[in-house]
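Summary of structural features
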Amino acid sequence: MTTSPLTPAGLLPTLPGRAYTDPETFRREQESIFEARWFCAVRAGDLLTPGSFRTVTVGRESVLITRARDGALRAFLNVCRHRGARLCTEESGQVRRNLRCPYHAWTYALDGRLVAAPNLRDLPGLDRSAYGLVDVALREWMGYAWVCLAEEPPSFDETVVGSVASRLGDADAVGRYRPEDLVLGRRIGYDVRANWKLIVENFMECYHCATIHPELVAVLPEFAGGYAAQSQVGHGAEFAAGAEGFTVDGGPGFGRLPGLADEQDRRYFAATVRPQVFLNLVPDHVILHRMFPLAADLTRVECDWLYAAEVIDAGADVSSSVELFHRVNEQDFAACERTQLGMHSRAYGRGGVLVPTEHHITEFHRWVLGLLA
Amino acid sequence: MTTSPLTPAGLLPTLPGRAYTDPETFRREQESIFEARWFCAVRAGDLLTPGSFRTVTVGRESVLITRARDGALRAFLNVCRHRGARLCTEESGQVRRNLRCPYHAWTYALDGRLVAAPNLRDLPGLDRSAYGLVDVALREWMGYAWVCLAEEPPSFDETVVGSVASRLGDADAVGRYRPEDLVLGRRIGYDVRANWKLIVENFMECYHCATIHPELVAVLPEFAGGYAAQSQVGHGAEFAAGAEGFTVDGGPGFGRLPGLADEQDRRYFAATVRPQVFLNLVPDHVILHRMFPLAADLTRVECDWLYAAEVIDAGADVSSSVELFHRVNEQDFAACERTQLGMHSRAYGRGGVLVPTEHHITEFHRWVLGLLA
Amino acid sequence: MTTSPLTPAGLLPTLPGRAYTDPETFRREQESIFEARWFCAVRAGDLLTPGSFRTVTVGRESVLITRARDGALRAFLNVCRHRGARLCTEESGQVRRNLRCPYHAWTYALDGRLVAAPNLRDLPGLDRSAYGLVDVALREWMGYAWVCLAEEPPSFDETVVGSVASRLGDADAVGRYRPEDLVLGRRIGYDVRANWKLIVENFMECYHCATIHPELVAVLPEFAGGYAAQSQVGHGAEFAAGAEGFTVDGGPGFGRLPGLADEQDRRYFAATVRPQVFLNLVPDHVILHRMFPLAADLTRVECDWLYAAEVIDAGADVSSSVELFHRVNEQDFAACERTQLGMHSRAYGRGGVLVPTEHHITEFHRWVLGLLA
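Since the structure is predicted, the reported quantities are computational estimates derived from the model, not experimental observations.

**Re the relation of the copies chain A and chain C**
With an RMSD of 0.1 Å, the operation that places chain A on chain C is a rotation of 120° combined with a shift of 0.1 Å along the axis. Taken together, the rotation and translation describe the operation of a three-fold axis. For chain A, the smallest separation between a C-alpha atom and the rotation axis is recorded for A:Pro23, amounting to 9.1 Å.

So this is what it looks like as structure tokens:
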């Protein structure tokens, strides 16, 4: 890549260090971002049968996601309406028919309705519908359940689907990978001692690629130049001539996913789906990161590697493609943790600087500040 | 039990979730409740000989309780008057004659008087009586030392003795068990990750008994109906026909304590002695819980099983009676910890509801709010 | 020692307990004391060759100290000027030529100048000198690098050198030990769960010596009287007749350091170099404590035992002299931790008292309060 999409107009400022360390700022982000926007919670394929459930931390809430009798996914606050016990404390599980609170046996259907409780005959006037589980909005897309804790959720089509389309420059770009039909090949969780915004900023730029990602740069040589695929609409980074696939050793991956356009072959596309998803598209698999911000300086990241069902069904060895981005993850998160340590310093009191290949991060900062305003 | 003492007039509200999580609320409870009311600190029998001492956390203070030369128990703030060192850091111990601060050797008699210090000759005008240990009010009852950190303690007879009497409906009810003559058979400590008020509320109601206490309900079948002994004045729950004693296997316990009235036989009585004691009376033993609230979400509970001296002296095996309430404790505290998890949720922002068999908990809430006002 | 330099005019007050526990007070101390005064950071001898570095916590900052090409020591805030990553996360290390940020490869010379960064050609107008590492003032004295984070550091000669001279009553007293030429024989680190001011107060007085320091008093019998060397200008405590050296077993130490005055032989001198250094001088070695206050109730102490180069070069066994003050340290820090426990008590709400042999501590309190005002 020899030409830059940006004029090198100088350095732009970052956010001040306090934005990455202040517990009160983080509380406001939980309230105004993670509990107010669409949040990618769980892979739908993790809940295959009616009665299966998952619990997930969204902002400061534990959310319970169930597969109901009718096959649909439903989401609720994971709290009994009687005395407030957490209904399900396990990360995942399976019930036979209903969700029963283990404290006083108030019992809810998989769609949240209160269906039974001891001594309810003593309360003949009770309006049961007023004591069902508290509903949480849920949408399925790309094979994931996205939830929103807001009373009036923002438009899913605009803020999620549309943002990916405009990032990739094509409304159908992601759809051609059929992510909803892919199957989980590997999931790795990372506990990163860094603010979630440092992780977003890291994902958005490639100025660090030459320094910390030798394996990635070997497959995507243009990354050595420091320009992120994400700084240009619709740009995909081309594989190195010698790379047969998106693997740690340059070996072949698996067959090109059926619906892809030719210009999607042998290329890596990436998109940040705000606030907490990173999407990575290569011809034979999709990598999706979900972030779970837990504290100003702690973020849980779950990374899924998704493959065609035939690949997984055949028992193929996915480790050389998993290993490539697993190394990238470890390299990135180490850098983010090192950066978190500097956020407290007076040297970063007014923040640092963005070089031209990082200038597009400014737009992310504006988005965050706009939501907190 | 087939009739309810309460008209099912509907649901009553609980306290809001914040009451169980807010550190500032907890600080006010420490100040206005645990450091202001009578607090059951230690078993007198744990300090048998002059010079024996115990240290115990009362509210935010370490309190030192000693057996003085004259055989009386005395309580002090566990702080040297010179430079503030904690006098005794061990939970229990024995001194020969005096309490000597290990830092600069200021030395106090077992009744708190300053009796020696190095170089005191340099301070000829020193009024030693002004530098004795800070006294804490102490009363003995039921074989326990109760202390009060208030400058002007409330009436012990009204707030402790009287409250038990009115709960049990008989001024002599507890006295007939002669708890001061009983001997410790077993003590088990529990670190419960829940607010102390959740533990009180749990102890006060039996709506959960059928769900989580199978062993208890087997001995006390009326508990299956959800009505707590405590919701009625003077009511004792009757043992199951097949239960020979208050044991985990229904086997016989030990002989009926000598002074009991006939209506106290084959029955379980319970009382909450606010703010931090649970009293359980059965014909052959007494179980007493002391709570030590340590944080908004952390409470230490010490549970004593007390038996007739002859039982303990004979080396009888008390495990089948201990095991019954030990299981109840573990079941209850797990429920309280599960409930603590829900207190942060927006679903519990305005609290939950009390069913009719829990309505008497409202009076506890009023008592707490009254003391904090 | 039979006469006191102080008239026993009674008791003086200490600081209130809150001064030792309040996080906000500690924050102000970090700002106004440890980040504003000269702070003894590292032993210069720990950075022998150009390219060697040390990182050290000064107040709330990580400071990077390097030995530059020209042989001089330099200090910087340990933060990359680009995106704020911590440059060096190790406690010590060695670079070949430059300091290179491991995130985006911004590269700084050992004197802090920005010398390279990827794609800097895109920023033709960049003033590199504006993006060098942030300088920290540094002075060398007694073989240590002292740093100051203040924009305008106070006078080193007055606040450090002069304060030691006036404490020892002689501008040349410390110089005769040639501490800059001594060599580290042993270093022991202690994590003390106590406020730094308790550690200073403990070091300043000897009223506790008879109680907790039997080995020290055996060598310095006058300490049994409770009078600290530090309560008198220029006073050195004389060795016991039977003590051949300043050792745990009274055995001989090593030869008297060459430049000492006769009145410095067979004597122990001590000085507190505010805010965080304790200096101990005996004829054959120097012991220097550096404190690193980390929280209101946590202080890291590093203690160095320094000997003549010939002693260390000859491989002499220094353990009997190290063991003496190591025991003193453990005894003192245990006392400070015990005292920290009492600082929260209402019994210490208005503080405790200083006996006449502790009265000089009042001046330290005034100094602290003056800097916080």
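**Re helix α1 (residues 23-34) of chain A**
Residues and elements named next belong to chain A. Turning to α1, its buried residues are Thr-25, Phe-26, Glu-29, Gln-30, Ile-33 and Phe-34. Buried residues of α1, seen end-on, are gathered within an arc of 145° and therefore sit on one face of the element. The inward-facing, buried residues of α1 abut β2 (39-43), β3 (52-58), α3 (196-204), β16 (285-295) and α8 (361-372).

**Description of the sheet that holds strand β9 (residues 114-116) of chain B**
Within a sheet, each strand pairs with its neighbour through backbone hydrogen bonds, oriented either parallel or antiparallel. Residues and elements named next belong to chain B. An order of β7-β8-β9 is seen for the 3 strands of this open sheet, with the pairing classed as antiparallel. Each edge of the sheet is formed by a strand with only one pairing partner; in this case those strands are β7 (98-100) and β9. Averaged over neighbouring strand pairs, the angle between their axes works out to 40° when direction is ignored.

**Here's the deal with the packing of aromatic side chains**
Tallying each qualifying case throughout the model produces 54 aromatic pairs over all chains. Here A:Trp106 and A:Tyr131 contribute two aromatic rings whose centre-to-centre distance is 6.5 Å and whose plane-to-plane angle is 85°, an arrangement assigned as edge-to-face. Of the two residues, A:Trp106 is situated in the loop between β7 (98-100) and β8 (107-109) and A:Tyr131 in the loop between β9 (114-116) and β10 (135-141); the sequence distance between them amounts to 25 residues. With respect to class, A:Trp106 is no different from A:Tyr131; both count as buried. Plain terms: the ring middles of C:Phe254 and C:Tyr307 are 5.7 Å apart, the flat faces sit at 90° to each other, and that makes the pair edge-to-face. Of the two residues, C:Phe254 is situated in the loop between β13 (237-238) and β14 (267-273) and C:Tyr307 in strand β17 (residues 298-307); the sequence distance between them amounts to 53 residues. Of the residues examined, C:Tyr307 reaches a relative accessible area of 0% and is grouped as buried. Joined through ring pairs, the aromatic side chains of A:Phe34, A:Phe39, A:Trp196, A:Phe292, A:Phe364 and A:Trp367 make up one cluster. A cation over an aromatic ring shows up here: A:Lys197 above the ring of A:Tyr20, its NZ or CZ 5.0 Å from the ring centre.

**Observations regarding the pattern of salt bridges**
Inspection of every chain in the model, using the stated rule, returns 82 salt bridges over all chains. Across the pair C:Asp111 and C:Arg113 runs a salt bridge whose closest N-O atoms are separated by 3.1 Å. Each of A:Glu24, A:Arg27, A:Glu31, A:Glu35, A:Arg60, A:Glu61 and B:Arg346 takes part in one network of salt bridges that share partners.

**Section: the interface of chain B and chain A**
The parts lose accessible area when they come together, and the size of an interface is often stated as this lost area. The interface of chain B with chain A comprises 33 residues on the first partner and 29 residues on the second. In total, about 2500 Å² of surface goes out of reach between chain B and chain A, with carbon and sulfur atoms giving 54% of it. Between the two partners, chain B and chain A, sit 5 salt bridges. A salt bridge links B:Glu358 to A:Arg83, with the nearest nitrogen and oxygen atoms 2.7 Å apart.

**Remarks on the environment of C:Val286**
Residue and element names in this part refer to chain C. Checked against the element boundaries, Val-286 lands in strand β16 (residues 285-295). Note: C-alpha distance between Val-286 and Ala-150 (136 residues apart in sequence) is 29 Å. Val-286 has contacts with Tyr-177, Leu-182, Leu-279, Asn-280, Leu-281, Asp-304, Trp-305 and Leu-306, leaving out every residue within four places of it along the chain.

**Structural notes on the domain arrangement of chain A**
Residue and element names in this part refer to chain A. With domains assigned, chain A is organised as domain 1 (12-25 + 157-372) and domain 2 (39-148). The distance between the C-alpha centroids of domain 1 and domain 2 comes to 32 Å. Taken together, the contacts link 22 residues of domain 1 with 15 residues of domain 2. Overall, the association of domain 1 and domain 2 removes approximately 1400 Å² of surface from exposure, summing both partners, and the carbon and sulfur fraction of that is 65%. Between the two partners, domain 1 and domain 2, sit 2 salt bridges. In this structure, the salt-bridge partner of Arg-139 is Asp-157, at a minimum N-O distance of 3.5 Å.

**What about the interface of chain A and chain C?**
Residue-level contacts link 32 residues of chain A with 28 residues of chain C. When chain A packs against chain C, the two sides together hide about 2500 Å² of surface, and 54% of this comes from carbon and sulfur. Inspection of the region where chain A meets chain C yields 5 salt bridges. For C:Glu61, the salt bridge identified is with A:Arg346, shortest N-O distance 3.8 Å. Taken together, the links from chain A to chain C amount to 17 residue pairs in polar contact (both at pLDDT 80 or more). Listed by contribution, the elements that provide at least two residues to the side of chain A that touches chain C are α3, α4 (209-212), α7 (319-342) and β18 (353-354) of chain A. Take the side of chain A that touches chain C: its biggest share by element is 5 residues, from α7(A).

**A closer look at the sheet that holds strand β3 (residues 52-58) of chain C**
Residue and element names in this part refer to chain C. Pairing is antiparallel in the open sheet, where 7 strands are placed in the order β2-β11-β10-β5-β4-β3-β6. The outermost strands of the open sheet, each flanked by one partner alone, are β2 (39-43) and β6 (92-94). On average, adjacent strands in this sheet sit at an angle of 30° to one another, irrespective of strand direction. The sheet contact formed by strand β4 (residues 61-67) and strand β5 (residues 73-77) spans 5 bridges and is antiparallel. Among the inter-strand pairings, Leu-64 is bridged to a residue of β5, identified as Phe-76. The strands that helix α2 (residues 156-168) touches are β10 (135-141) and β11 (144-148); relative to β10, the one it contacts most, it runs at about 30°.

**Here we look at the packing of helix α1 (residues 23-34) of chain B against helix α8 (residues 361-372) of chain B**
The relative placement of two packed helices is expressed as an angle between their axes plus a distance between the axes. All names here are of chain B. The contact between α1 and α8 brings their axes to 9 Å, and the two run at 85°. Regarding the angle of α1 to α8, the classification is roughly perpendicular. Contact residues: Thr-25, Arg-28, Glu-29, Ser-32 and Ile-33 in α1; Trp-367, Val-368, Leu-371 and Leu-372 in α8.

What counts as what
Counting of residues starts from 1 at the beginning of each chain's written sequence and follows it residue by residue. As a convention, the first chain written is A and the first ligand written is 1, with the rest following in written order. For a predicted model such as this one, the threshold for reporting local features is a pLDDT of at least 70, and the threshold for listing and counting side-chain atom pairs is 80 or more; totals across whole chains, interfaces and linings nevertheless cover every residue. Note that the side-chain values use all heavy atoms of the structure and ignore hydrogens as well as water. The superposition of copies rests on a least-squares fit of C-alpha positions from residues with pLDDT of 70 or more in both. Partly exposed describes any residue whose relative accessible area lies between the buried limit of under 20% and the exposed limit of over 50%, with all areas from a 1.4 Å probe on protein chains only and scaled to the type maximum. Put simply, DSSP marks the helices as runs of H or I at least four residues long and the strands as runs of E at least two long, and each gets a number from the N terminus on. Arc definition: directions from the helix axis to the C-beta atoms. By definition in these notes, contact holds between two residues if any of their heavy atoms fall within 4.5 Å. Here a strand pair is declared whenever DSSP counts at least two bridges between the two strands. Here an axis means a line fitted to C-alpha atoms, over the contact stretch when the element is a helix, while the angle between two N-to-C directions is reported on a 0 to 180 degree scale. Centres within 6.5 Å are what make two rings of Phe, Tyr or Trp a pair, Trp counting through its six-membered ring; a difference in plane orientation under 30 degrees is then read as stacked, over 60 as edge-to-face, and the rest as tilted. Whether a charge lies above a ring is judged from NZ of Lys or CZ of Arg, which has to be within 6 Å of the ring centre and within 35 degrees of the ring normal. The working definition used for a salt bridge is a side-chain nitrogen of Lys or Arg within 4 Å of a carboxyl oxygen of Asp or Glu. Buried area counts how much accessible surface, traced with a 1.4 Å probe, disappears from two parts once they are put together, with both parts' losses summed. By convention here, the domain bounds are inherited from an automatic or database domain assignment. Pairing of N or O atoms within 3.5 Å defines a polar contact, subject to two protein rules: one partner must be a possible hydrogen donor and the other a possible acceptor, and residues neighboring in sequence count only if both atoms are side-chain atoms. Here the word oblique covers every angle except those under 35 degrees (roughly parallel), over 145 (roughly antiparallel) and from 65 to 115 (roughly perpendicular).

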